[in-house]
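One-letter residues, chain by chain:
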Amino acid sequence: SDVHLGPKAAACADCHDPHYGGMAKPSRAKIADICAKCHAEAVSKFHRSAHGLALLASDTADVPVCTDCHQAHAMRETKSVASQMQQTDFCILCHGDEVKMAKAGLSTAVLQTYLQDFHGVSTRYARKEGSASGEMLATCIACHGSHGIASKEGPGALAIKANLMKVCAQCHAGATESFSKAWLSHYIPSPTQAPLVYFVRLSYWML
């Protein structure tokens, strides 16, 4: 069900101006401004994020806006189990696109590497069973954040090495620096990316 439905929720005219342009869909650059009428704090974070800065700079279709992740007319409660299990579907629409990711210098192996580790396996199992047993799933936003996602090169990024241990500790109490070093940053091991892991895997394959 849509969280906007209800006596105090948003009505059609709150997002679509009925006097100018009828009920036409607003431009991508204006969508966040419309959402800011009720969600000012979230939009403020978005405008400072890697996604928001790229959108404000060029109004490009290569980065998401609010309705790409939240679905304007079918918006779920973000903390619900169903919403958590659906998060990866939205992220992969862009992060699995080789053309878009080449422009940003990011790996497109995000879904493959995620589904192969414990976090992805757990989420996939919960999705299959239709329940997460009341526990928070380690989906994309659990590590990367949501509205304030920073560039991997930025000082405030959640997923860069400087802050990786803090991110792990959110779920893994007592996580140390060596614990967080096990993360391969969504890159498949190769002679240039995590070479030690690559050659160990190659050795096992040869044996």
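In short, a report on the structure. (Residues numbered from 1 in each chain as written. Predicted model: local features only at pLDDT ≥ 70, side-chain atom pairs only at ≥ 80, totals over all residues. Heavy atoms only, no water.)

### As for the overall build of the chain
Here comes step 1: Tallying secondary structure elements over the chain gives 13 helices and zero strands in all.
Here comes step 2: The proportion of buried residues among the 207 residues of the chain is 25%.
Here comes step 3: For the chain, restricting intrachain contacts to residue pairs at least 6 apart in sequence, the fraction spanning at least 24 positions comes to 46%. (Helix = DSSP H or I, 4+ residues; strand = E, 2+ residues; numbered from the N terminus. Buried < 20%, exposed > 50% of the residue type's maximum accessible area, 1.4 Å probe, protein only. Contact = heavy atoms within 4.5 Å.)

### Here's the deal with the packing of helix α2 (residues 28-35) against helix α3 (residues 40-48)
Here comes step 1: Between α2 and α3, the least distance of the axes is 8 Å, while the angle of their chain directions is 145°. Of α3, the residues touching α2 (which contributes Ala-32, Asp-33 and Cys-35) are Val-43, Phe-46 and His-47.
Here comes step 2: A breakdown of the residues in the contact of α2 with α3 according to their chemical character gives four nonpolar, one polar and one charged. (Axes fitted to C-alpha atoms, helices over the stretch in contact; angles between N-to-C directions. Nonpolar A, V, L, I, M, F, W, Y, C, P; charged D, E, K, R; others polar.)

### With respect to the packing of aromatic side chains
Here comes step 1: Evaluated as defined, the whole model comprises one aromatic pair.
Here comes step 2: On the numbers, 5.1 Å between centres and 75° between planes, the contact of Tyr-198 with Phe-199 is edge-to-face.
Here comes step 3: Among the residues examined, Tyr-198 registers a relative accessible area of 26% and is labelled partly exposed.
Here comes step 4: For Phe-199, a relative accessible area of 44% puts it in the partly exposed group. (Phe/Tyr/Trp six-rings, centres within 6.5 Å; stacked < 30°, edge-to-face > 60°.)

### What about the nonpolar core?
Here comes step 1: Of all hydrophobic cores here, the largest spans eight residues; its members are Ile-31, Ala-32, Val-43, Phe-46, Leu-55, Val-63, Val-65 and Cys-66.
Here comes step 2: Put simply, the parts of the chain that give this core at least two residues each are α2 and α3. (Core = buried A, V, L, I, M, F, W, Y, C linked by side-chain atoms within 4.5 Å.)

### Focus: a nonpolar patch on the surface
Here comes step 1: On the surface, a nonpolar cluster with roughly 540 Å² of combined accessible area is contributed by Leu-196, Val-200, Tyr-204 and Leu-207.
Here comes step 2: Assessed through its relative accessible area of 66%, Leu-196 is described here as exposed. (Patch = residues over 30% accessible without salt bridge, like charges linked within 9 Å, V, L, I, M, F, W, Y side chains within 5 Å. Areas by Shrake-Rupley, 256 points an atom, 1.4 Å probe, with all protein chains shown as cover. Salt bridge = Lys/Arg side-chain N within 4 Å of Asp/Glu carboxyl O.)

### Here's the deal with the pattern of salt bridges
Here comes step 1: Inspection of the entire model under this criterion finds three salt bridges.
Here comes step 2: Linking Glu-41 and Lys-45 is a salt bridge whose minimum nitrogen-to-oxygen distance equals 3.9 Å. Here the residue Glu-41 and the residue Lys-45 both occupy positions in helix α3, the gap between them amounting to four residues, near one helical turn.
Here comes step 3: Judged by relative accessible area, Glu-41 falls into the exposed class, the value being 58%.
Here comes step 4: Exposure remark for Lys-45: the relative accessible area of 38% places this residue in the partly exposed category.

### A closer look at the state of the cysteines
Here comes step 1: Taken as a whole, this structure holds zero disulfides when the rule is applied.
Here comes step 2: In this structure Cys-15 is a free cysteine whose sulfur lies 6.4 Å from that of Cys-35, the closest cysteine sulfur available.
Here comes step 3: With no disulfide of its own, Cys-140 lies 3.7 Å from the sulfur of Cys-91, the closest cysteine sulfur. (Disulfide = S-S within 2.5 Å.)

### Here we look at the environment of Cys-69
Here comes step 1: Relative to the elements of secondary structure, Cys-69 occurs in helix α5 (residues 66-70).
Here comes step 2: Counting along the chain gives 22 residues from Cys-69 to Cys-91, while the straight-line C-alpha distance between them is 7.9 Å.
Here comes step 3: For Cys-69, the residues in contact, after removing those within four places along its chain, are Pro-64 and Phe-90.

### Regarding the side chain of Thr-113
Here comes step 1: By the element assignment, Thr-113 lies in helix α8 (residues 110-116).
Here comes step 2: Exposure remark for Thr-113: the relative accessible area of 16% places this residue in the buried category.
Here comes step 3: Reaching out from Thr-113, the side chain makes a polar contact with the backbone oxygen of Ala-109 at a distance of 2.8 Å.
Here comes step 4: Leave out the neighbours within four places in its chain, and Thr-113 touches His-186, Tyr-187 and Ile-188. (Polar contact = N/O pair within 3.5 Å; in protein donor to acceptor, adjacent residues only side chain to side chain.)

### Details of the environment of Ala-57
Here comes step 1: Mapped onto the elements of the fold, Ala-57 is located in helix α4 (residues 50-58).
Here comes step 2: Assessed through its relative accessible area of 68%, Ala-57 is described here as exposed.
Here comes step 3: Each C-alpha atom of the pair Ala-57 and Ala-29 lies 9.9 Å from the other, and the pair is 28 residues apart in sequence.

### Points about the packing of α3 against α4
Here comes step 1: Running from N to C, α3 and α4 cross one another at 75°; their axes reach a closest spacing of 4 Å. One finds that α3 runs roughly perpendicular with respect to α4. Note on element contacts: α4 touches α3 through Ala-50, His-51, Gly-52, Leu-53, Leu-55 and Leu-56, opposite Phe-46, His-47 and Arg-48.
Here comes step 2: Class assignment of the residues belonging to the contact of α3 with α4 gives a composition of five nonpolar, three polar and one charged. (Parallel < 35°, antiparallel > 145°, perpendicular 65-115°, else oblique.)

Read these as geometric descriptors, not functional statements.
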